[in-house]
Structure formats: C-alpha cells, structure tokens
Amino acid sequence: MGSHSESGTGSRSRPSAEFVAKLRQGKDELRRDREVLPLPEKIRQVIELQRLQYPLLTRQRTLASWERPWEIEP
Amino acid sequence: MAFADTLRALNNMKAEGVIEEYAIVGALAIVFWTEPVATYDLDVLVFLPSGAGPLVSLESIYHWASAHGYQADREHILIEGVPTQFLPSPSKLADEAIETAETLDYQGVPTRVTLPEYLVALYLQPEARTAKRRERVAMLLDWRGLNRNRLDAILERHGLSL
C-alpha cells in the first residue's frame, strides 16, 4: 500500500494515481458487496445505522417522536 | 414484530380495499435496490380506491390502522413497529411509479418497490429537491444497475433534468 510519489508543489508527498484508483476500486467493491446482501441483512444494517445515528441526531436537533431506532426483527 | 409483518400489512390493506395499489418509495426503496442507508420511516405511495372523492383524505387509512391496533403518530402510522407514511399519488409521475413498481420478495412476502429510475425522477421534482435527496440521486446514478435509457425517457416525459 506504500505507492506514494512526490508530485505537485513543494515537498508534500502525494499518492500516485494508481494508489488513488486502488482506493476507489476498493470502495466500489465494498458497495457492490453491500448491494448484493440478502434483504433481511440489509434491513438489519439499517436498524444498526439507526442505533448508531440516533445519539448523534439527538445532540443536533429535536427529533420527531417517530425518529427512533426500530425495535423489530429484520 | 418483524419487518416482514409491516410489508404483509401493506398487502393486507390492498386486499381489504383500503388502498387500491401501493409502492414503497424513499430510502427503503433504495435499500431494496442498492445498499443500506439510514432512515427512520417507510414511505409508501398509494392509490386510494376510486370514488374516494375529489378531496384526498387519509381517513380510511387511519380508520384501518385504528381497527388493527396501529397507533398514528402525527403523519405516521406505526405498523408493526415501523413508522409508515402514506402519500396518495400527487402526480402523473407518481402514478407511473406506482404502476410500474416491481414486486420483490422479502422473506416470502411479495413487496411492491418503486423502480430505481422513478426514485431518481421523484427526487428531481423541484418541490422535492433537498440536499439529502440530491445525495440519494447521486448514489443511484452511481449504481451499476440503473437503466439510464429508462431514466432518460422518464425525465424527458416529465420535463425533468439531472
């Protein structure tokens, strides 16, 4: 993973185009993996996202009464 | 309670004539087609039974919900633990979205889900444009499964643009 190169202005080290492309490819692959998950697993992840996001949202704004993690099975 | 119970309830509403047809839209439709995204409610486009009169009312839906023990919470109805919002089709575009929805299987429950190209078009309506929706459009446009020809035809037909 150490494919960095010197480019651009000054002495700041920049990643090579190949390195950036590899990162993007990895992200695309991750998305594709998530897209083909079984639907119940996707819903389980939605509920997990709700649980993770909920405490952050409560600090940002007043939530509507229905904006809370679902207490259901996926 | 399970998510499949919520979907089953939608089908029951149709079978009982409370709604004529439905299609899931919004973030959960995206989840069906692409990847999990954070959302707290289920959005459902519906055709109300014909003869309901020129003024659209959700009274029949609220009555059905009450009869089945589902609580209403402002504009949502808590169906088997899932806050669900019903929107009577407001436009020709939404009509098409309902009519062309695909039936997908969720744990044995047939579920009508709006096609992704219609999700993009619905998000692109001037009155629907928000930062979050633009983000969802970008997500769907990135998705390899999107049918660009179908999307272009929908956008042209309804005078919308990316």
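These numbers were taken from a predicted model, which means no experiment stands behind them.

Student: Give me the lowdown on the overall build of chain A, citing residues and values where you can.
Tutor: Of regular secondary structure, chain A possesses 2 helices and 2 strands. Helices and strands appear in chain A in the N-to-C order β-β-α-α.

Student: Report on the environment of Pro88 of chain B, specifying residues and quantitative values.
Tutor: Looking at the element boundaries, Pro88 of chain B is found in strand 5 (residues 82-88). Placed 40 residues apart in sequence, Pro88 of chain B and Leu48 of chain B show a C-alpha to C-alpha distance of 6.6 Å.

Student: Can you tell me about the packing of helix 4 (residues 92-99) of chain B against helix 5 (residues 116-124) of chain B, naming the residues and giving the values?
Tutor: Residues and elements named next belong to chain B. Running from amino to carboxyl end, helix 4 crosses helix 5 at an angle of 160°, the nearest separation of the two axes being 10 Å. Considering the angle they form, helix 4 stands roughly antiparallel to helix 5. For the element pair helix 4 and helix 5, the recorded crossing hand is left-handed. When helix 4 is examined against helix 5, the residues Leu93, Ala94, Glu96 and Ala97 are found in contact with a partner set consisting of Tyr118, Ala121 and Leu122. When its residues are assigned to classes, the contact of helix 4 with helix 5 shows 6 nonpolar, no polar and 1 charged.

Student: Lay out the interface of chain B and chain A in plain terms, naming residues and giving numbers.
Tutor: Listed as interface residues are 20 residues of chain B and, on the opposing side, 21 residues of chain A. For the side of chain B that touches chain A, the elements supplying multiple residues, two or more each, are helix 2 (26-33) and strand 5 of chain B. Its residues assigned to classes, the side of chain B that touches chain A comprises 11 nonpolar, 5 polar and 4 charged.

Student: Now, about unusual backbone geometry: what can you tell me, with residues and values included?
Tutor: All names here are of chain B. Even without glycine at this site, Arg74 takes up a positive phi of about 55°. Counting through the fold element by element, Arg74 comes out in the loop between strand 3 (72-73) and strand 4 (76-79). Even without a glycine there, the phi angle at Gln107 is positive, about 50°. Here Gln107 lies in the loop between strand 6 (102-106) and strand 7 (109-113). Classification of Gln107 by C-beta neighbours within 10 Å gives partly exposed; the count is 16.

Student: Could you give an account of helix 4 of chain B, with specific residues and numbers?
Tutor: Residues and elements named next belong to chain B. Every buried residue belonging to helix 4 is among Ala94, Ala97 and Ile98, and all of these are buried. The buried residues of helix 4 occupy an angular sector of 95° when projected down its axis, which confines them to one face. Seen from the buried face of helix 4, the exposed residues on the opposite side, beyond 90 degrees, are Lys92 and Glu99.

Student: Explain the confidence of the model for chain A residue by residue, including any values.
Tutor: The pLDDT averaged across chain A works out to 89; a share of 88% of its residues lies at or above 70. The least confident element of chain A is strand 1 (residues 4-6) of chain A, whose mean pLDDT is 51; the most confident is helix 2 (residues 39-60) of chain A, at 96.

Student: Can you lay out the packing of helix 5 of chain B against helix 6 (residues 131-142) of chain B for me, pointing to particular residues and giving the numbers?
Tutor: Residue and element names in this part refer to chain B. Their axes nearest at 9 Å, the elements helix 5 and helix 6 cross at an angle of 150°. Our classification of the angle between helix 5 and helix 6 gives roughly antiparallel. The handedness of the crossing between helix 5 and helix 6 comes out as left-handed. Mapping the contact onto sequence places Pro116, Leu119, Val120, Tyr123 and Leu124 in helix 5 and Arg133, Arg136, Val137, Leu140 and Leu141 in helix 6.

Calculation notes
- Residues numbered from 1 in each chain as written.
- Chains lettered and ligands numbered in written order.
- Predicted model: local features only at pLDDT ≥ 70, side-chain atom pairs only at ≥ 80, totals over all residues.
- Helix = DSSP H or I, 4+ residues; strand = E, 2+ residues; numbered from the N terminus.
- Axes fitted to C-alpha atoms, helices over the stretch in contact; angles between N-to-C directions.
- Parallel < 35°, antiparallel > 145°, perpendicular 65-115°, else oblique.
- Left-handed = near helix turned anticlockwise from the far one by under 90°.
- Contact = placed C-beta atoms within 7 Å.
- Nonpolar A, V, L, I, M, F, W, Y, C, P; charged D, E, K, R; others polar.
- Buried ≥ 20, exposed ≤ 12 C-beta atoms within 10 Å, placed from the backbone.
- Arc of directions from axis to C-beta.
- pLDDT = per-residue confidence, 0-100.

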